[in-house]
Amino acid sequence: MTVRVLTGINTTGTLHLGNYCGAIRPCIQASRRDDVESFFFMADLHALIKCQDPDRVELSRMQIAASWLAAGLDPDKVTFYRQSDIPEIPMLNWMFNCVCSKGLMNRAHAYKAVVDVNTAQNEDPDAGVNMGLFCYPILMAADILMFNANRVPVGRDQIQHLEMARDIATRFNNIYGASKEFFVMPYEQVDAELELLPGLDGRKMSKSYNNVIPLFDGGEKALRDAISRVVTDSKLPGEPKDPDSTSLTQIFDAFATPDERAAFRQELRDGLGWGEAKKRLADQINNEIGPMREKYEYYMSHTDELEDILMAGADKARKISKPFIEELYHAAGLRRFRSLEQSGTKKQQKRAAKPTFKQYRESDGKFYFKLADAAGKLLLQSVGFDSGKEAGMTVSAVKKGLTDELMALVRLADGVTMPEVQEAIDALNAE
Ligand code: TRP
């Protein structure tokens, strides 16, 4: 079975080595596998939320697209596009707006953080909050669910957005999915190790800490300049140094083999000067990204080619998104007029004649599922799970057969027998 992996990068600036080591490089590596189907995109609609400088948005989406390609992305192997070239995404965003409760968005960390700051400063709580920011997680859910991604590589700060995407998917499935679950549950992939690339000052490399080393922006000179600013102690050449006293070595690690790492550390212990160590680090990074920089500059000066690649990517993406949005519109009643006799309303009832698993969340905050037979009679009810993921994984397990272990997690409805449940599961599996 292939896994669908999808991720997007906001186009509000340029990329740094943290983005490269934490997202681009591992995503490109994974995209080469045959059992992975990748979707990578420029989140340029999201960019408008916090950047209303058209030139900056335009340049950033170009730079980020060129960076992906320069870093080795094969646009024929993956689906590579600009969010704004897929009109079905804002269409789905609207449908999600109408099934997502406002309360869910009130709880979003990103929005709450702004409100907290405003409140602390005695400002209007919503000062500076536009509706795009408030509804940010809904658009992100549309990005992910439009392509039914299974795995979404993101930073730790995005975990809540994935929970919300699952919440919205479940709600949509429950409302409109009588005959079919439209959306599969997407899960975040947070790689703690890759996330840890430290910046110049040892804290996580991040634009908001102003401690980044640019990936391609500014060329090799900017790379070397930034590296010269990595914080170290003031030991002189010849003095033994503690390799772990600076982020220099950790950044080196991200571009080196285990042998090279050990050798670098040993040289520092033996007294290698910081100036020379910084030069080694810059050379080491440049060995990997120098050749990429040439490609980057090529694309930045051949924007027609970049444009063609992205339009081909949009075509590929829309082969999926167009028919899918039609199906979703249809499910919501937005369909061609026909005689009521043969209209979808009746058909849907007919199609609904099979058992269904439903996943939902109760006011106790826990995640549940239940199984109903074709007539809608309740057969099986689960216990409450702490996460949607556990509930989802248990549903998948139950579909494969009810072991004793699983029986501890579910309860048969009153008067229901095991063969009845088994029959429903078999019917589902027979599809
Ligand atoms: N919110 C993500 C970030 O700030 C960017 C993003 C937008 C995204 N849409 C997405 C990531 C869909 C993964 C999937 O990093």
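Keep in mind that what you see is a predicted model, and the values were worked out from it rather than measured.

What counts and how
- Residues numbered from 1 in each chain as written.
- Predicted model: local features only at pLDDT ≥ 70, side-chain atom pairs only at ≥ 80, totals over all residues.
- Heavy atoms only, no water.
- Pairing = 2+ DSSP bridges.
- Helix = DSSP H or I, 4+ residues; strand = E, 2+ residues; numbered from the N terminus.
- Right-handed = clockwise from strand over helix to strand, strands pointing away.
- Axes fitted to C-alpha atoms, helices over the stretch in contact; angles between N-to-C directions.
- Parallel < 35°, antiparallel > 145°, perpendicular 65-115°, else oblique.
- Left-handed = near helix turned anticlockwise from the far one by under 90°.
- Contact = heavy atoms within 4.5 Å.
- Nonpolar A, V, L, I, M, F, W, Y, C, P; charged D, E, K, R; others polar.
- Expected span 1.5 Å × (residues − 1).
- Bend = angle between axes of the 7 residues up to and from the residue.
- Buried < 20%, exposed > 50% of the residue type's maximum accessible area, 1.4 Å probe, protein only.
- Phe/Tyr/Trp six-rings, centres within 6.5 Å; stacked < 30°, edge-to-face > 60°.
- Lys NZ or Arg CZ within 6 Å of the ring centre and 35° of its normal.
- Near = heavy atom within 4 Å.
- Polar contact = N/O pair within 3.5 Å; in protein donor to acceptor, adjacent residues only side chain to side chain.
- Domains from an automatic or database assignment.
- Buried area = accessible area lost by both parts, 1.4 Å probe.
- Salt bridge = Lys/Arg side-chain N within 4 Å of Asp/Glu carboxyl O.

**A few points about the pairing of strand β1 (residues 3–10)**
Next up, step 1: Where β1 and strand β2 (residues 36–43) come together, eight bridges link them in parallel fashion. Pairing of V5 across the sheet is with S38, part of β2.
Next up, step 2: Crossover connection from β1 via helix α1 (residues 17–31) to parallel β2: handedness right-handed.

**Looking at the packing of helix α13 (residues 258–269) against helix α14 (residues 274–301)**
When two helices pack together, their arrangement is given by the angle between the helix axes and by the axis-to-axis distance.
Next up, step 1: Orientation of α13 relative to α14, taken along the N-to-C sense of each, is 165°, at an axis distance of 11 Å. Taken together, the axes of α13 and α14 lie roughly antiparallel to each other. The chirality of how α13 crosses α14 is right-handed. Residue-level inspection shows E260, F264, E267 and L268 of α13 in contact with α14, the latter providing W274, A277, R280 and Q284.
Next up, step 2: Of the residues that constitute the contact of α13 with α14, the class distribution is four nonpolar, one polar and three charged.

**Here's the deal with helix α15 (residues 303–331)**
Next up, step 1: The terminal C-alpha atoms of α15, which comprises 29 residues, lie 40 Å apart, in line with the 42 Å expected from a rise of 1.5 Å per residue.
Next up, step 2: Along α15, the largest kink reaches about 40° and is centred on R318.
Next up, step 3: Every buried residue of α15 is listed here: L306, L310, G313, A314, A317, S321, F324, I325, L328 and A331.

**Quick look at the packing of aromatic side chains**
Next up, step 1: This model, assessed by the stated rule, comprises 19 aromatic pairs.
Next up, step 2: Residues F172 and F183 carry aromatic rings whose centres are separated by 5.3 Å and whose planes lie at 70° to one another, so their mutual orientation is edge-to-face. Of the two residues, F172 is situated in helix α9 (residues 159–176) and F183 in the loop between α9 and β5 (187–189); the sequence distance between them amounts to 11 residues.
Next up, step 3: Take F183: its relative accessible area is 2%, and that puts it in the buried class.
Next up, step 4: Through pairs of rings, three or more aromatic residues link up here, namely F96, F172, Y176, F182, F183 and F324.
Next up, step 5: K370 extends its terminal NZ or CZ atom over the ring of Y360, reaching a point 5.1 Å from the ring centre.
Next up, step 6: Lying across the ring of Y187, K389 places its NZ or CZ 5.3 Å from the centre.

**Considering the site of the ligand**
Next up, step 1: Lining the immediate surroundings of the ligand are 14 residues, of which H46, Y136, M140, D143 and Q158 lie closest.
Next up, step 2: The side chain of D143 places a nitrogen or oxygen atom 2.7 Å from a nitrogen atom of the ligand.
Next up, step 3: At 2.9 Å, a side-chain N or O of Q158 approaches a nitrogen atom of the ligand.
Next up, step 4: Listing elements by their share of the shell around the ligand, those giving two or more residues are β1, β2 and α8 (136–145).

**Focus on the domain arrangement of the protein**
Next up, step 1: For the protein, the assigned domains read domain 1 (3–197 + 302–328), domain 2 (218–292) and domain 3 (339–429).
Next up, step 2: Centre-to-centre separation of domain 1 and domain 3, based on C-alpha positions: 30 Å.
Next up, step 3: Between domain 1 and domain 3, roughly 940 Å² of surface is buried when both sides are summed, and carbon and sulfur atoms account for 47% of that area.
Next up, step 4: Of all residues in domain 1, N174, S179 and Y187 give up the largest surface area on contact with domain 3, accounting jointly for 49% of the area buried on that side.
Next up, step 5: Counting across the domain 1 and domain 3 interface gives one salt bridge.
Next up, step 6: Among the salt bridges present, the one from D167 reaches R361, with a minimum N-O distance of 3.4 Å.
Next up, step 7: Remark: the boundary between domain 1 and domain 3 carries four residue pairs in polar contact (both at pLDDT 80 or more).
Next up, step 8: Per element, the largest residue contribution to the side of domain 1 that touches domain 3 is four residues, and it comes from α9.
Next up, step 9: For the side of domain 1 that touches domain 3, the residue count by class is four nonpolar, three polar and two charged.

**Remarks on the pattern of salt bridges**
Next up, step 1: Taken as a whole and judged by the stated rule, the model has 23 salt bridges.
Next up, step 2: Here R265 and D244 are joined by a salt bridge, their closest N and O atoms 3.0 Å apart. Of this pair, R265 sits in helix α13 while D244 sits in the loop between α11 (219–228) and α12 (247–253); the two residues are 21 residues apart in sequence, bridging distant segments of the chain.
Next up, step 3: Residues E420 and K377 are paired through a salt bridge, measuring 2.9 Å at the closest nitrogen-oxygen approach. Of this pair, E420 sits in helix α19 (residues 418–429) while K377 sits in the loop between β7 (367–372) and β8 (378–382), placing them 43 residues apart in sequence.
Next up, step 4: Residue class for K377 comes out partly exposed when judged on its relative accessible area of 40%.
Next up, step 5: What you see here is one network of salt bridges that share partners, running through E220, R224, K279 and D283.

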